[in-house]
Amino acid sequence: MAKNVGLRSPQRFLALAATGLSLSMAIAACSPSSPDTASSSGSPPAKVELTLVSYAVTQAAYEKIIPQFVEKWKAETGQEVVINQSYGGSGSQTRAVIDGLEADVVALALALDTKKIEEAGLIEPGWEKELPNDSIVHKSVVALVTREGNPKSIQDWSDLARDDVRIVTANPKTSGGARWNFLGAWGSVTQNGGTDEQALELATKLYQNTPILAKDARESTDIFFSQKQGDVLINYENEVLLAKLKGDVLPYVVPKTNISIDNPVTVVDAIVDQRGTREVAEAFVQFLFTPEAQEEFAKVGFRPSDPTVAAKYADQFGKVDKLFTVADFGGWDTIQTKFFDDGAVFDQIQSKLGK
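Residues numbered from 1 in each chain as written. Predicted model: local features only at pLDDT ≥ 70, side-chain atom pairs only at ≥ 80, totals over all residues. Heavy atoms only, no water.

Description of the overall build of the chain
Okay, so step 1: Helices and strands together make up the secondary structure of the chain, namely 14 helices and 15 strands.
Okay, so step 2: Residue burial in the chain is summarised as follows: out of 355 residues, 55% are buried.
Okay, so step 3: For the chain, the proportion of contacts with a sequence separation of at least 24, taken over those separated by at least 6, is 77%.
Okay, so step 4: When the accessible area of the chain is evaluated, it comes to approximately 14,900 Å², of which 50% is carbon and sulfur surface. (Helix = DSSP H or I, 4+ residues; strand = E, 2+ residues; numbered from the N terminus. Buried < 20%, exposed > 50% of the residue type's maximum accessible area, 1.4 Å probe, protein only. Contact = heavy atoms within 4.5 Å. Areas by Shrake-Rupley, 256 points an atom, 1.4 Å probe, with all protein chains shown as cover.)

Some words on the nonpolar core
Okay, so step 1: Among the nonpolar cores identified, the biggest contains 86 residues, and Tyr62, Phe182 and Phe284 are the most heavily contacted of them.
Okay, so step 2: If we ignore the near neighbours within four places in the chain, the residues touching Phe182 are Ala203, Tyr207, Phe339, Phe340, Val345, Phe346 and Ile349.
Okay, so step 3: Grouped together as the second largest cluster of nonpolar side chains are 22 residues, Ala170, Ala214, Phe225 and Leu241 included. (Core = buried A, V, L, I, M, F, W, Y, C linked by side-chain atoms within 4.5 Å.)

A look at the packing of helix α6 (residues 196-208) against helix α14 (residues 345-353)
Okay, so step 1: It is at 10 Å that the axes of α6 and α14 come closest, and there the two elements cross at 55 degrees. Considering their axes alone, α6 and α14 lie oblique with respect to each other. In this structure, α6 meets α14 at a crossing whose hand is right-handed. Touching Leu200, Ala203, Thr204, Tyr207 and Gln208 of α6 are Val345, Phe346, Ile349, Gln350, Lys352 and Leu353, all from α14.
Okay, so step 2: Partitioned by chemical class, the residues of the contact of α6 with α14 number seven nonpolar, three polar and one charged. (Axes fitted to C-alpha atoms, helices over the stretch in contact; angles between N-to-C directions. Parallel < 35°, antiparallel > 145°, perpendicular 65-115°, else oblique. Left-handed = near helix turned anticlockwise from the far one by under 90°. Nonpolar A, V, L, I, M, F, W, Y, C, P; charged D, E, K, R; others polar.)

With respect to the environment of Val300
Okay, so step 1: Examined against the element boundaries, Val300 turns out to sit in the loop between α11 (291-299) and β14 (303-304).
Okay, so step 2: On a C-alpha basis, the gap between Val300 and Lys244 in space is 9.2 Å, while along the polypeptide they are 56 residues apart.
Okay, so step 3: Among all residues touching Val300, those that are not within four sequence positions of it are Ala60, Ala61, Asn238, Leu242 and Leu245.

Some remarks on the layout of surface pockets
Okay, so step 1: Each pocket or cavity is described by its volume, and for the largest pocket that value is around 810 Å³.
Okay, so step 2: What lines the largest pocket is a set of 45 residues, among which Gly89, Ser90, Ser175, Gly176 and Gly177 lie closest to the centre.
Okay, so step 3: Contributions of two or more residues to the lining of the largest pocket are made by α3 (90-98), α4 (111-119), β8 (167-170), α5 (176-190), α7 (217-226), β10 (232-236), α8 (237-245) and β13 (261-267).
Okay, so step 4: Tallied by class, residues from the lining of the largest pocket come to 18 nonpolar, 18 polar and nine charged.
Okay, so step 5: In this structure, the second largest pocket spans a volume of roughly 360 Å³.
Okay, so step 6: Lining the second largest pocket we find 18 residues, and of these Ala111, Asp134, Ile136, Asp262 and Val326 sit closest to its centre.
Okay, so step 7: Where the lining of the second largest pocket is concerned, the elements lending two or more residues are α4, β6 (136-140) and β13. (1 Å grid on protein atoms, 1.4 Å probe; cavity = no way out; pocket = protein on both sides within 12 Å on 5 of 7 lines; lining within 4 Å. Points joined across faces, edges and corners; volume = space filled by probe spheres on them.)

Focus: the packing of aromatic side chains
Each aromatic ring pair is summarised here by two numbers: the centre-to-centre distance and the angle between the ring planes.
Okay, so step 1: The tally for this structure, following the rule as stated, stands at 18 aromatic pairs.
Okay, so step 2: Between Phe224 and Phe225, the aromatic rings sit 5.1 Å apart at their centres with planes inclined by 85 degrees, giving edge-to-face as the arrangement. Of the two residues, Phe224 and Phe225, both sit in the buried class.
Okay, so step 3: Within the aromatic cluster, the residues linked to one another by ring pairs are Phe182, Trp186, Tyr207, Phe324, Phe329, Phe339, Phe340 and Phe346.
Okay, so step 4: Seen from the ring of Phe224, Arg147 lies directly overhead, with NZ or CZ sitting 3.7 Å from the centre. (Phe/Tyr/Trp six-rings, centres within 6.5 Å; stacked < 30°, edge-to-face > 60°. Lys NZ or Arg CZ within 6 Å of the ring centre and 35° of its normal.)

As for the pairing of β13
Okay, so step 1: Along β13, seven of the seven residues are buried, which leaves the element largely enclosed by surrounding structure.
Okay, so step 2: By the alternation rule, side chains of β13 split into Ile261, Asn263, Val265 and Val267 and Asp262, Pro264 and Thr266, which are all buried.
Okay, so step 3: Here three bridges tie strand β5 (residues 105-107) to β13, and the two strands are oriented antiparallel to one another. Paired with Val105 across the two strands is Val267, which belongs to β13.
Okay, so step 4: Direction of pairing for β6 relative to β13: antiparallel, over a ladder of four bridges. (Pairing = 2+ DSSP bridges.)

A look at the side chain of Gln350
Okay, so step 1: Structurally, Gln350 can be placed in helix α14.
Okay, so step 2: Residues within four places of Gln350 in sequence aside, it is in contact with Tyr207, Leu213 and Lys355.

Overview of the pairing of strand β3 (residues 47-55)
Okay, so step 1: Counting buried positions along β3 yields eight of nine residues, so the element is predominantly enclosed.
Okay, so step 2: Relative to strand β4 (residues 80-88), β3 runs parallel, the two sharing nine bridges. Across the sheet, the residue bridging to Leu50 is Ile83, located in β4.
Okay, so step 3: Crossover handedness for the path β3 to helix α2 (residues 59-77) to β4: right-handed. (Right-handed = clockwise from strand over helix to strand, strands pointing away.)

Below is the structure:
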């Protein structure tokens, strides 16, 4: 379903993206305080603190969800919960946790980031199976943001290979989110019966039409809106819908063949065990899959993982005829080796283009 509507304020959208993608810390110190010591009678502490580390655009949802969980937990247990929050780029947040930011819960943009924290020894293997839907708490798809009125008539992935189209996207070697863009384009060919050779041809033309590869999503947004470069910005549906909620109506299309941008959540085992917060942390991540929390994700533009809530909000999302997932590529380990390791497909494309 194409969405072509007037762009009222790209400057405001840029400001929103810049604010969200910068590190936003709502914690009083670098390391959260430990839970209050239990009384001598062995009763649980009166107050417990958690730290949620997530990526920027989830903040609008969590600001609504957290008070609901705090109230529910207080009513059920009598215990006060304070949930400190840290928001920033998913890759930056991943590095911060590995480097010592004591996160009880991480909700990142892609499972590959969560796996890096697992590889650092902070999350136990098998975390994906500990929550519903393989721990995918919400989803999105790729959206193509165009200039007002869509003057180049961009409707699908194939249009990005045209000689008259200039693209703005980030570099998948430096931006985790940009890997979704690459996989979306590649899968638009292979998931419709095309060969890897045909997918490589499309991807090569796409990056040939990308004069400058941005470092990350923030820089992509700046190039497209402030510098006014490019005809199309490869972005995400949830970001466009969140901008609309803030008053910025952007022209965009949702490709009919699309990748499910799956966003996971999990507890950080090493931290919750060290701090004695496992019980409340696990309760919090389980709460995120309830209809109440899923509705809050839907309201800010995410596709809910709960099918009933997803059906309720279906009209706000672009229609996708063929939706594929990371599993269709063999999983993140296979993807990393095939496409993004040094010397893999993406590097081969860049070398061929002389970049």
